[in-house]
Amino acid sequence: FGCSARCYRPGDEVFFGRSGTYNLPAFGDRGLVKKTTCRGVVVDFGEKGLLLLNFADILPQQPLPDDCSVGTKLHYGGPKREYENGDVLNFGDVGEISGTCGSSKTEADRLIIKFVGHQNAKRIRRALLFSELSIPGGYRLGERVYWCGSAWALADGDRLQFGQEGEIAGCTDVCDGMDKERVAVLFKGNKQPVAMHLVEISRVAPSIPGGLQVGDKVYYAWPNWTAPDGSTLTFGTEGKVAGCSCAGDGSHDEQLWVKFGDAFACIELNQITTEPPSIPGGFKLGEPLFYCGPSRSCNEGVLSFGEIGEVTGRAAFCHGIALLFPSNQDSLDVKVTEVCGEKPWIPGSFDHGEQVFYTGPCCSFPGGDLLVYGALGQVVGRSCLGDEGDDQRVAAVFQGNMHPSVVCLSQVSREVPADLHAYLKQQLERADANMHQPSPRRAASREQRFASFPSSSSTSTADVKIDWKEGPFHLLQQNFRFSGLEATRGTVLEDMAPFAEIASVYRTAKDARLTPIIEDANKAARLQVKLVHESGDLALLSEIAREAEECGWTDLCASAVSELEQASLPVLLDHCRENDVLAHRAIYRHATSRGMLNLAEKAHLRFHSTSNATPDSEFQRSRTDEELHQCQDAGLKEKMQLLLDETYTAWGGYGPATRTRDRTDQPMAERLEVDNVVVLSNTKMYLKYLIRQQIINLEMPQSAQTDWSVRTSSTSPISKH
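Presented here is a report on the structure given in the accompanying data block. (Residues numbered from 1 in each chain as written. Predicted model: local features only at pLDDT ≥ 70, side-chain atom pairs only at ≥ 80, totals over all residues. Heavy atoms only, no water.)

1. Regarding the overall build of the chain
Working step 1: In terms of helices and strands, the chain carries 11 helices and 46 strands.
Working step 2: Looking at the chain as a whole, 43% of its 721 residues are labelled buried.
Working step 3: Taking all contacts inside the chain whose residues are at least 6 apart in sequence as the whole, residues at least 24 apart take part in 58%.
Working step 4: For the chain, the exposed surface amounts to about 39,000 Å²; the carbon and sulfur share of it is 50%. (Helix = DSSP H or I, 4+ residues; strand = E, 2+ residues; numbered from the N terminus. Buried < 20%, exposed > 50% of the residue type's maximum accessible area, 1.4 Å probe, protein only. Contact = heavy atoms within 4.5 Å. Areas by Shrake-Rupley, 256 points an atom, 1.4 Å probe, with all protein chains shown as cover.)

2. Observations concerning unusual backbone geometry
Working step 1: One non-glycine residue with positive phi stands out, namely serine 349, at about 60°.
Working step 2: Take serine 349: it is sitting in the loop between strand 33 (339-340) and strand 34 (355-358).
Working step 3: Looking at serine 349, the relative accessible area reads 63%, which means it is exposed.

3. Things to note about the sheet that holds strand 19 (residues 201-202)
Working step 1: In spatial order, the strands read 18-17-16-13-19; together these 5 strands make up an open sheet with antiparallel pairing. A strand with exactly one partner marks an edge of an open sheet, and here the two such strands are strand 18 (194-197) and strand 19.
Working step 2: In this structure, strand 17 (residues 182-187) lies alongside strand 18, joined through 4 bridges in antiparallel fashion. Each residue of the ladder has a partner; that of alanine 184, found in strand 18, is alanine 195. (Pairing = 2+ DSSP bridges.)

4. Focus on the pairing of strand 2 (residues 30-37)
Working step 1: Sheet analysis places strand 1 (residues 13-16) next to strand 2, joined by 3 bridges and oriented antiparallel. Among the inter-strand pairings, phenylalanine 15 is bridged to a residue of strand 2, identified as arginine 30.
Working step 2: Note that strand 2 and strand 3 (residues 40-44) share 5 bridges and pair antiparallel. Note that in strand 3 the partner of leucine 32 across the bridge is aspartate 44.
Working step 3: Taking the residues between adjacent antiparallel strands as the criterion, strand 2 and strand 3 are bridged by 2 residues.

5. Thoughts on a nonpolar patch on the surface
Working step 1: Residues Leu628, Val678 and Leu680 make up a contiguous nonpolar surface patch of roughly 310 Å² in combined accessible area.
Working step 2: With respect to the helices, strands and loops of the structure, leucine 680 is situated in strand 46 (residues 678-682). (Patch = residues over 30% accessible without salt bridge, like charges linked within 9 Å, V, L, I, M, F, W, Y side chains within 5 Å. Salt bridge = Lys/Arg side-chain N within 4 Å of Asp/Glu carboxyl O.)

6. Notes on the environment of glycine 149
Working step 1: Positionally, glycine 149 belongs in the loop between strand 13 (144-147) and strand 14 (152-153).
Working step 2: Of the residues examined, glycine 149 reaches a relative accessible area of 2% and is grouped as buried.
Working step 3: Apart from the residues within four sequence positions on either side, glycine 149 is in contact with Phe162, Glu200, Ala242, Gly243, Cys244 and Cys246.

7. Considerations on the packing of aromatic side chains
Working step 1: Considering all chains together, one arrives at 8 aromatic pairs under this definition.
Working step 2: Summarising the aromatic geometry, the rings of phenylalanine 499 and tryptophan 553 are spaced 6.3 Å apart at their centres and angled 15° between planes, so their arrangement reads as stacked. One end of the pair, phenylalanine 499, is in helix 3 (residues 498-512); the other, tryptophan 553, is in the loop between helix 5 (538-550) and helix 6 (554-575), with 54 residues separating them in the sequence. Exposure class is identical for phenylalanine 499 and tryptophan 553. Each is buried.
Working step 3: Aromatic ring contacts, followed pair by pair, group Phe499, Tyr506 and Trp553 into a single cluster.
Working step 4: If you follow arginine 203 out to its NZ or CZ, it ends over the ring of tyrosine 139, 4.0 Å from the centre.
Working step 5: Note that arginine 414 overlies the ring of phenylalanine 350, its terminal NZ or CZ placed 4.0 Å from the centroid. (Phe/Tyr/Trp six-rings, centres within 6.5 Å; stacked < 30°, edge-to-face > 60°. Lys NZ or Arg CZ within 6 Å of the ring centre and 35° of its normal.)

8. Description of the environment of aspartate 369
Working step 1: Note on placement: aspartate 369 falls in the loop between strand 35 (363-364) and strand 36 (370-371).
Working step 2: In this structure the C-alpha to C-alpha distance between aspartate 369 and methionine 402, which are 33 residues apart in sequence, comes to 6.8 Å.
Working step 3: In this structure the side chain of aspartate 369 is engaged in a polar contact, spanning 3.0 Å, whose partner is the backbone nitrogen of methionine 402. (Polar contact = N/O pair within 3.5 Å; in protein donor to acceptor, adjacent residues only side chain to side chain.)

9. Overview of the pairing of strand 10 (residues 110-115)
If a strand is regular, its side chains alternate between the two faces of the sheet.
Working step 1: Burial along strand 10 is one-sided: the residues Leu111, Ile113 and Phe115 are buried and none of Arg110, Ile112 and Lys114 is.
Working step 2: Where strand 9 (residues 94-100) meets strand 10, 5 bridges bridge the pair, whose relative direction is antiparallel. The partner of threonine 100 across the bridge, within strand 10, is leucine 111.
Working step 3: In this sheet, strand 11 (residues 122-125) lies alongside strand 10 in antiparallel orientation, the contact comprising 4 bridges. Paired with isoleucine 113 across the two strands is lysine 122, which belongs to strand 11.
Working step 4: Hairpin connection from strand 10 to strand 11: 6 residues lie between these consecutive antiparallel strands, with glycine 117 at a positive phi of about 90°.

10. Some thoughts on helix 5
Working step 1: Over its 13 residues, helix 5 extends 19 Å from the first C-alpha to the last, a length consistent with the 18 Å expected when each residue adds 1.5 Å.
Working step 2: Three or more residues of helix 5 are buried, namely Leu538, Ala539, Leu540, Leu541, Ser542, Glu543, Ile544, Ala545 and Ala548.
Working step 3: One or two steps after helix 5, the chain reaches glycine 552, where phi turns positive at roughly 75°. (Expected span 1.5 Å × (residues − 1).)

11. Quick look at the packing of helix 3 against helix 4 (residues 515-535)
Relative orientation and spacing of two packed helices are given, respectively, by the angle between their axes and the distance between those axes.
Working step 1: The interhelical angle for the contact between helix 3 and helix 4, taken along N-to-C directions, is 155°, at an axis separation of 9 Å. It follows from the interaxial angle that helix 3 and helix 4 lie roughly antiparallel. Helix-helix and strand crossings are classified by hand; for helix 3 and helix 4 the assignment is left-handed. For the pair formed by helix 3 and helix 4, the contact residues are Phe499, Ile502, Val505, Tyr506, Ala509 and Lys510 on the first element and Ile517, Ile518, Ala521, Asn522, Ala525 and Gln528 on the second. (Axes fitted to C-alpha atoms, helices over the stretch in contact; angles between N-to-C directions. Parallel < 35°, antiparallel > 145°, perpendicular 65-115°, else oblique. Left-handed = near helix turned anticlockwise from the far one by under 90°.)

12. Quick notes on helix 4
Working step 1: Between its first and last C-alpha atoms helix 4 spans 30 Å; for 21 residues at 1.5 Å apiece the expected length is 30 Å, and the two agree.
Working step 2: If you check which residues of helix 4 are buried, you get Ile517, Ile518, Ala521, Asn522, Ala524, Ala525, Gln528, Val529 and Val532.
Working step 3: Summarising the contacts, the buried residues of helix 4 are in contact with helix 1 (420-433), helix 3, helix 5 and helix 6.
Working step 4: Positive phi shows up at glycine 536, right after helix 4, with a value of about 75°.

Below, the structure is given as structure tokens:
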């Protein structure tokens, strides 16, 4: 029963496997392998030193459980066993430990047990021995259960059929870390019990979702699908219902097993039909079609106007069809109105990618996108709304927007609108006059904090009252896999937040190359930054910085951020916690780099006046904005371990049952252990966080919650995200 030399590697944990003398380890003592030789294994037993042992003298597993010794009584928890000598071992029989079986890895997990009335001792796996006997799932010996999976033929000739009745025979000894999730079941007509996952059996006779029965004919109604092993499932393939899903993920009422040819597939109920499925629009499987919708991003890249794809079935998430394009691995759903059999064209003789200027009414859309007069856009396709007005519309993406818009030909121009200069100048004057009015986001909070601020919002909208032949419409993606977009009505934008309007004027003027307006916008914006800094309005400074960043106004953004830092750092220093070393260091470093020497000195002195625990070298030790150091706080390590224990679900919520593409046959770890905790200190990022925290506090009403030490009512792991 000896192991070969390649069974052990340096660092492996082993146990002494025979009775020792005064100068040898005791039976079961733990040691670490140092190296293997042709003569045996060199093991370090600590105080007993290094020993060269035969392979038969060491065990790869602890020989006896911590709470057991020779003579300890244990319960047998496995199925009934009958031996050739007439001995019968039943579930619940009690026996005494008389020793271990051997040192080989196939025997080391077994104990020699003497049972009363047996002619000889039995070799029993530890997984089937219990000090207190219980069966997983709360089952009782002999309890009736039913098989919920599909038909199976076992190696010994036994068979399983959906709904087959059986009896609980005991615990299992598969020994893969999942025996606590299994029971042994002896099904009627079979010779031997079989190990069953708890999710594969039921106390009541199972039924198949959708009112289907085993053997019912069904058809695969989703787009063609290719499995990781290269096998394919084609739209319209006929199959037969085989059983329920036993995935154990809570979807048993939505999934079932279907046999397609010689292969089984776990299919969702909405992926099959009882009648042969048809493809909308009268299209045929494999037919090549042009995509004529607006170019857009999809889950695997970009779907471009005019691209040719192959029909792979009907759409999964909309009333349309599924197409497979050369640049994608999976099919994409598109509407029937978004495809055609001939090369598509764009109304107005526009070319794909051509620049246009918007000349329609100003509108806002869900998600924050805006359409303003004079905005520069790029044509990305034609309208595919499916009415008679499609030939009078184009789809375009305008600057600053995330989604395409459908606009009428009368609402776009190839040239800069003649009145754009006068229009932008008027907008700039209005925005400049309203600059000190609070934006809608800040109005409510300021109203409660400072009664002097007006309550009226500086932004107002009115419902768009136009028909489908006009526009504009916004195209919003409804599903990550659904390529087709839904047209969404907007609202007429009569006014917007003051600085947002200045930023909009700047961007529009920049795209139209209206230099005088750009200069006026720069002057107005910088004046506003200066006035806001003098007033100490940190929230408005932050708003200006964000708007400038979003519209690509780089120099103004940098100026606003600089003013924001200068205004907020003194306040921040007065309010930061005394023991917050990183905050004091961040303020000190930033103030020093910006030449704010008085503030830097104040941060340095204030820290030392409130904390004597950290030496000066600790405060100034880092010459970089980011550093890593290993945490020496044992309490933090314990907390991180607790967090990991409470939330770790083996990347999927199935614990040891989880499998990944690179570990198809290997179980995931049941537990992860925290080796050490590394702290990342980034003074720049922490300073931004503190400033933003300060601004949010200013913007919030007094009645709002200010204690952010939030704890959930339970630390149980979340199973669905």
